[in-house]
Amino acid sequence: MSTLRETGVWKALHSHYLSFQRIQLRGLFARDKKRAERYTVEAAGWRLDYSKHRINDKTLKLLFELARECSLESRRDAMFSGKEVNTTEQRAALHIALRAPADSVINVAGVNVVPEVQAILKRMAECAELIRAGEWKGYSGRPIRNIVNIGIGGSDLGPVMACGALCHYGERKLRLRFVSNVDGTDFVEAVHGLRPDETLFIIASKTFTTLETMTNAHTARHWLQTAAGRDRKAITPHFVALSTNEKAVNDFGIPSKQMFGFQEWVGGRYSMDSAIGLSIMIAIGPEAFCEMLAGFHAMDEHFRSAPLEQNLPVIMGLLNVWYADFFDAGTVAVLPYAHSLKRFPAYLQQLTMESNGKHVTLDGKSVDYHTGSVFWGEPGTNGQHSFYQLIHQGTHLIPCDFIAFAESLNPVGRHQDLLFANVIAQAEALAMGKTLTEVQKEGVSAELAPHKVMKGNQPSSLLFAKRLTPTSLGALVALYEHSVFTQATIWDINPFDQWGVELGKRLASRIAEEIETPDVTLAHDASTNASIRWYCYMRGQ
Ligand code: F6P
């Protein structure tokens, strides 16, 4: 069993929590006029106001003490210096090298990895420029206009999220689509209306073995071959691969010159600024892509060098630990008030939950505390008209991350002022609520009054930046990456592996074979056997 709960600081946090339970945000603000000022930090273009959290100076002091007790600084330094921090896969986790300036030196096993990263970026830029200039031609000689990224998990979510977030900066004459699901509908809908001779498929898969991606890649090849006729070579210009597995890429029929590699130390969910980001680079251009990398790097540097007390990712990570482990809050709502960030919560789900959904410590001991929270959300203001009611008046404590920008990318009428007014209003309403006395003062009847009371005291972070740009997006993603790392360090878990996904993958392959093999003997549990038999019966097998 892990010994985290036995530490003095954990015990101190627990007693502090017990004495803090009844404290209201209203009271904290009333007693301290400088609270907002004191609990606001800025870095890499982002301003974090964390004053609407259920904390005081003592909470923070204890949380920073916890971070030091858990060696956050030395673990962070180990990650930045290319040490093998992904212990179960014996690898470094060096996504920070993907956005390091070209003259940096970051050694892995005595070799500086930065020149290789830069060389890949250069090749990606050449490919992106050719496509953007209409000089990458399909089998009929027509320029490529449609880009279809086939990938799943980290080979999909980062590109989908970033291409959506940065569509304002995108090349509009190119059509960008994404296929991830093994459900054939995803592929069929993605290529609907596309001319095969104008379509480039980007097969994005670190391993180049993932069932969903390879099934979709084969379907794409068949779709093109059907249109192009028999000559297999004709469709070669219609595929590029983003992978670490050159042999599998070549076996599929994609030549090495159309492959963009990356390194084993790039985890899937940390890979959007590696070759996996090619679709983003094609969409926004190499220059804007580099601005995005610069945003990542600015937040990396802040995380690496700012004192813990002034460190945005550290503060956010510690607050998550505070709620997950002491308040038993199982979830965090991520609420971007920028419609182009609509896939950001989905992106964060993989980043946070695949990273921190772990039940044993680095040395394999069971944990007796909560680890990763459930991250979920929708863009504001849409969410206000669906699930916010539960946050306002339900029974769960749900910390919220509000994300918003001062400037609109599309200034029309009053839209931006209304959008921003809503984000501020929601955070205020959640924190301050409405008391029975206030409701009664409005002349509400005694029967109705309890229904109109809002208990308030719901914590939130306000994360604001001037404008959604490639740079601010990069910094935002890096902020969450390092917040995830901070939490993992406190929990003493490995945020860089994902063994839990393996069992389901293996079972799916076995069941697919059983479904396709007549009269096979089934040896699963009774429910699983019955589901397989039902499916075969329905399919007339
Ligand atoms: O879901 C498990 C996972 O391994 C993710 O971590 C990864 O991002 C995804 O599958 C896709 O893997 P690949 O890029 O190898 O196809």
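Residues numbered from 1 in each chain as written. Predicted model: local features only at pLDDT ≥ 70, side-chain atom pairs only at ≥ 80, totals over all residues. Heavy atoms only, no water.

Asker: What am I meant to see in the overall build of the protein here?
Answerer: Regarding its fold elements, the protein presents 22 helices and 13 strands. Relative to a compact globule of 541 residues, whose C-alpha radius of gyration would be 24 Å, the protein shows 25 Å and is just as compact. In terms of overall dimensions, the protein has a C-alpha envelope of 80 × 60 × 55 Å along the principal axes. Per-residue burial over the protein gives 53% buried out of 541 residues. (Helix = DSSP H or I, 4+ residues; strand = E, 2+ residues; numbered from the N terminus. Rg over C-alpha atoms; globule rule 2.2 N^0.38 Å. Buried < 20%, exposed > 50% of the residue type's maximum accessible area, 1.4 Å probe, protein only.)

Asker: I keep staring at helix H4 (residues 57-69) and nothing clicks. Help me out?
Answerer: The α-helix winds at 3.6 residues per turn, so residues separated by three or four positions along the chain end up facing the same way. A rise of 1.5 Å per residue sets the reference length of H4, with its 13 residues, at 18 Å; its end C-alpha atoms lie 18 Å apart and thus fit the reference within 8%. Residues of H4 that are buried include every one of Thr 59, Leu 60, Leu 62, Leu 63, Phe 64, Leu 66 and Ala 67, and no others. Where H4 is buried, its residues contact helix H1 (8-20), helix H5 (72-80), helix H14 (312-326) and helix H20 (470-491). Just past H4, the residue Ser 71 takes up positive phi, approximately 55°. (Expected span 1.5 Å × (residues − 1). Contact = heavy atoms within 4.5 Å.)

Asker: Just checking my understanding: could you explain the sheet that holds strand S8 (residues 239-243) for this structure?
Answerer: Strands pair in a sheet through their backbones, by hydrogen bonds, and they do so in one of two ways: parallel or antiparallel. Spatial ordering of the open sheet is given by S6-S5-S7-S8-S9, a layout of five strands whose pairing is parallel. Each of the sheet's edge strands pairs with one partner strand only, and the pair in question is strand S6 (175-179) and strand S9 (259-261). Averaged over neighbouring strand pairs, the angle between their axes works out to 20° when direction is ignored. Here strand S7 (residues 199-204) pairs with S8 via four bridges, running parallel. Note that in S8 the partner of Ile 202 across the bridge is Val 240. Contacting strand S5 (146-150), S7 and S9, helix H7 (residues 114-132) runs over the sheet at an angle of about 145° to S9. (Pairing = 2+ DSSP bridges. Axes fitted to C-alpha atoms, helices over the stretch in contact; angles between N-to-C directions.)

Asker: What is the right way to read the side chain of Thr 213 from this model?
Answerer: In this structure, Thr 213 sits in helix H10 (residues 211-228). Beyond its immediate chain neighbours, meaning those up to four positions away, Thr 213 contacts Ile 150, Gly 151, Ile 152, Ile 203, Ala 204 and Ser 205.

Asker: Even after reading the chapter, I still don't get the pattern of salt bridges, so can you show me in this structure?
Answerer: Close approach of charged atoms lets side chains of opposite charge pair. All told, the structure shown has 30 salt bridges when counted by the stated rule. With a closest N to O distance of 3.9 Å, Arg 68 and Glu 73 form a salt bridge. Between Asp 492 and Arg 75 there is a salt bridge; the shortest N-O distance is 2.7 Å. Residue Asp 492 is located in the loop between H20 and helix H21 (500-516), and its partner Arg 75 is located in helix H5; the two are separated by 417 residues in the primary sequence. (Salt bridge = Lys/Arg side-chain N within 4 Å of Asp/Glu carboxyl O.)

Asker: When you look at the UniProt feature "active site" (unreviewed entry) in the protein in this model, what are you seeing that I'm missing?
Answerer: The feature "active site" (unreviewed entry), as annotated in UniProt, sits at Glu 354, His 385 and Lys 505 in this numbering. The annotated residues occupy 152 residues of the chain and do not converge on a single region, their most distant C-alpha atoms lying 36.7 Å apart. One can find Glu 354 in helix H15 (residues 344-356). Overall, the relative accessible area of 22% leaves Glu 354 in the partly exposed class. (UniProt positions renumbered as here; feature names shortened; annotations may be inferred.)

Asker: How do you make sense of the environment of Cys 127 when you look at a structure like this?
Answerer: Tracing the chain through its elements places Cys 127 in helix H7. Judged by relative accessible area, which is 3%, Cys 127 ranks as buried. Through-space distance from the C-alpha of Cys 127 to that of Leu 278 is 8.8 Å; in sequence the pair is 151 residues apart. Setting aside residues up to four positions removed in sequence, Cys 127 forms contacts with Trp 136, Phe 260 and Leu 278.

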